[in-house]
Amino acid sequence: MMPTASSSPSAALANLSSPTAFTLPAELQAWGSCALQNDDWDFWPHASTPAAPSVGGAGWTSLPHLSHLTVTGADAVSFLQGQLTNDVALLPLNQAQWTGYCSPKGRLLATMLLWKTAGATDAESTVHLLADTGLVSNLIKRLRMYVLRAKATVSQTDDLILASWGNLAAITQHNSQPYQVSHPETGLQCLAMPLSGQLASSSLWVASQTALPALVSALQDTPCQASAVWRLALIGAGIAHIQAATQEAFVPQIVNYELIGGVNFKKGCYPGQEVVARSQYLGKLKRRMYRYATPPTRLSSTERAAISAGIDVWHTGETAQPVGRVVNVAATQRALAAPAAEPDSVAYELLLEIPTELHHQGGIELRLTAPVADAPTRRVALLPLELPYTVPNPTAA
């Protein structure tokens, strides 16, 4: 059943990652027809789109799994300085950085992209956070619980989050320095995102409702794609995204968060800081996050649905207990499948949390419950892929 087309551009864009197909309203027809059959993780092998995604081409996608929070007030910076893993006070205006929010046990409650913009006075800044939509409600409640007497207000905006990439001269006239934020005063903030592959040079847009028409105009001749493209680029860049299935599962270093600049070990205290520091300085981390891929494989819809963040990962030599879990996963483009692959096969890229020793040993696999009763468990071998940074190996001589 087709959803009813809305006359609101923001409503239409927010539906771009809906599992059902839809037609853009008249005012967005210039964006191109985007009738997608898009279940996000499983987009590429099962998409129905007039223009198939092309590696290296320009494109855009909406990111409804991200929400925009702001923290305002005279104490906004000092308040967050005592809550997050990265240094908010030393961060220059209009420069973004990754940061985490931990439980008292040092486990990540959320991973976020953070930046500051100038406030109403020189003494005030607005701090912006992009976090997983499914975590935002509890995240706001938790932050507000610790505000106490601080002059800081935590709010969620109704801004629309999009990403664009490729040769888009009309919309990339901003500072190309990594994580630089442009046009913060216009309500259409643009972050330069250095990711990987097709999105090696991309932009993340935070558009207010009033600025949305300008973004529509800028992207009018650009094909829309699924948000799986963005997730795949984050996996290629080795950037973990915490969601409900993995909340409170990892200390920051296990998902390599310090390797992407998401942890500052010299700043002051924050929830879980002692655990995070102890993991860094006292002993060697024996578990880390690595990038893997499945070979193109025919999977049932039940098996495809089972491949998601938080599921167990196994080793060929271990039959009783899993050895790790999936941090993030995204389906790859059909064009990247082996020529001999069957037409309806699917391949995935994954970020896994596993013992370093087993990663170097090999033999990591997924085990999927068969959709038919009494059928054997499906074993899917996982192939290691490179990350753009070096992961420390405590077992190396």
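Rules behind the numbers
- Residues numbered from 1 in each chain as written.
- Predicted model: local features only at pLDDT ≥ 70, side-chain atom pairs only at ≥ 80, totals over all residues.
- Heavy atoms only, no water.
- Helix = DSSP H or I, 4+ residues; strand = E, 2+ residues; numbered from the N terminus.
- Buried < 20%, exposed > 50% of the residue type's maximum accessible area, 1.4 Å probe, protein only.
- Contact = heavy atoms within 4.5 Å.
- Areas by Shrake-Rupley, 256 points an atom, 1.4 Å probe, with all protein chains shown as cover.
- Salt bridge = Lys/Arg side-chain N within 4 Å of Asp/Glu carboxyl O.
- Pairing = 2+ DSSP bridges.
- Phe/Tyr/Trp six-rings, centres within 6.5 Å; stacked < 30°, edge-to-face > 60°.
- Expected span 1.5 Å × (residues − 1).
- Bend = angle between axes of the 7 residues up to and from the residue.

Q: Looking at this model, I keep getting lost on the overall build of the protein. Mind explaining?
A: From N to C terminus, the protein includes 9 helices and 17 strands. Within the protein, buried positions represent 53% of all 397 residues. Considering only residue pairs separated by 6 or more positions, the protein has 69% of its internal contacts joining residues 24 or more positions apart. Summing over all exposed atoms, the protein offers an accessible surface of approximately 17,400 Å²; the carbon and sulfur share of this is 53%.

Q: When you look at the pattern of salt bridges in this model, what are you seeing that I'm missing?
A: The full count for this structure, using the stated rule, is 6 salt bridges. The partner of R288 in a salt bridge is E258, and the shortest N-O contact between them spans 2.8 Å. Of this pair, R288 sits in strand β11 (residues 287-293) while E258 is found in the loop between α6 (228-236) and α7 (273-281), placing the two residues 30 residues apart along the sequence. Residue R288 shares its accessibility class with E258, and that shared class is buried. Residue E353 is joined to R287 by a salt bridge in which the shortest nitrogen-to-oxygen separation is 2.4 Å.

Q: Help me out: how do you make sense of the pairing of strand β14 (residues 348-355) in this one?
A: Looking down a regular strand, the side chains alternate between one sheet face and the other. Among the 8 residues that make up β14, 8 are buried, leaving the element largely enclosed by the rest of the structure. The pairing of strand β13 (residues 324-331) with β14 spans 6 bridges and is classified as antiparallel. Following the sheet pairing, A331 is matched in β14 by Y348.

Q: How should I be thinking about the packing of aromatic side chains in this particular structure?
A: Aromatic ring pairs are defined here through the distance separating the ring centres and the angle between the ring planes. What the rule picks out here adds up to 2 aromatic pairs. Consider the rings of W98 and Y179, whose centres lie 6.3 Å apart with planes at 85°: the pair is edge-to-face. Of this pair, W98 sits in strand β3 (residues 97-102) while Y179 sits in the loop between β7 (160-165) and β8 (181-182), and the two are 81 residues apart along the sequence. Here the two residues W98 and Y179 agree in accessibility, since each one is buried. For the ring pair F265 and Y281, a centre distance of 5.8 Å and an interplane angle of 70° mean the geometry is edge-to-face.

Q: Just checking my understanding: could you explain helix α4 (residues 133-147) for this structure?
A: Because an α-helix packs 3.6 residues into every turn, residues spaced three or four apart end up facing the same way. Between the first and last C-alpha of α4 there are 21 Å, a value that for 15 residues agrees with the 21 Å anticipated at 1.5 Å per step. Along α4, the sharpest change in direction is near 30° and occurs at L139. Every buried residue of α4 is accounted for by L135, V136, L139, I140, L143 and V147. Taken from the residues just after α4, L148 is the one with a positive phi, measuring 55°.

Q: Teacher, can you tell me more about unusual backbone geometry here?
A: It is generally the case that most residues other than glycine have a negative phi and that most peptide bonds are trans. A positive phi angle, close to 60°, is found at N94, a residue other than glycine. Counting through the fold element by element, N94 comes out in the loop between α3 (76-81) and β3. Of note, the phi angle at N256 is positive, near 65°, even though the residue is not glycine. When its relative accessible area of 0% is taken as the criterion, N256 is described as buried.

Q: Would you take a moment to explain the sheet that holds strand β9 (residues 188-193) for this structure?
A: Remark on secondary structure: sheet strands pair via backbone hydrogen bonds, oriented parallel or antiparallel. In space, the 5 strands of this open sheet follow the order β1-β7-β10-β9-β8, with antiparallel pairing throughout. One side of each edge strand has no neighbouring strand; the edge strands of this open sheet are β1 (59-62) and β8. Judged from the 4 bridges that link them, β1 and β7 form a sheet pairing that is antiparallel. Bridging from a neighbouring strand, W60 pairs with S164 of β7.

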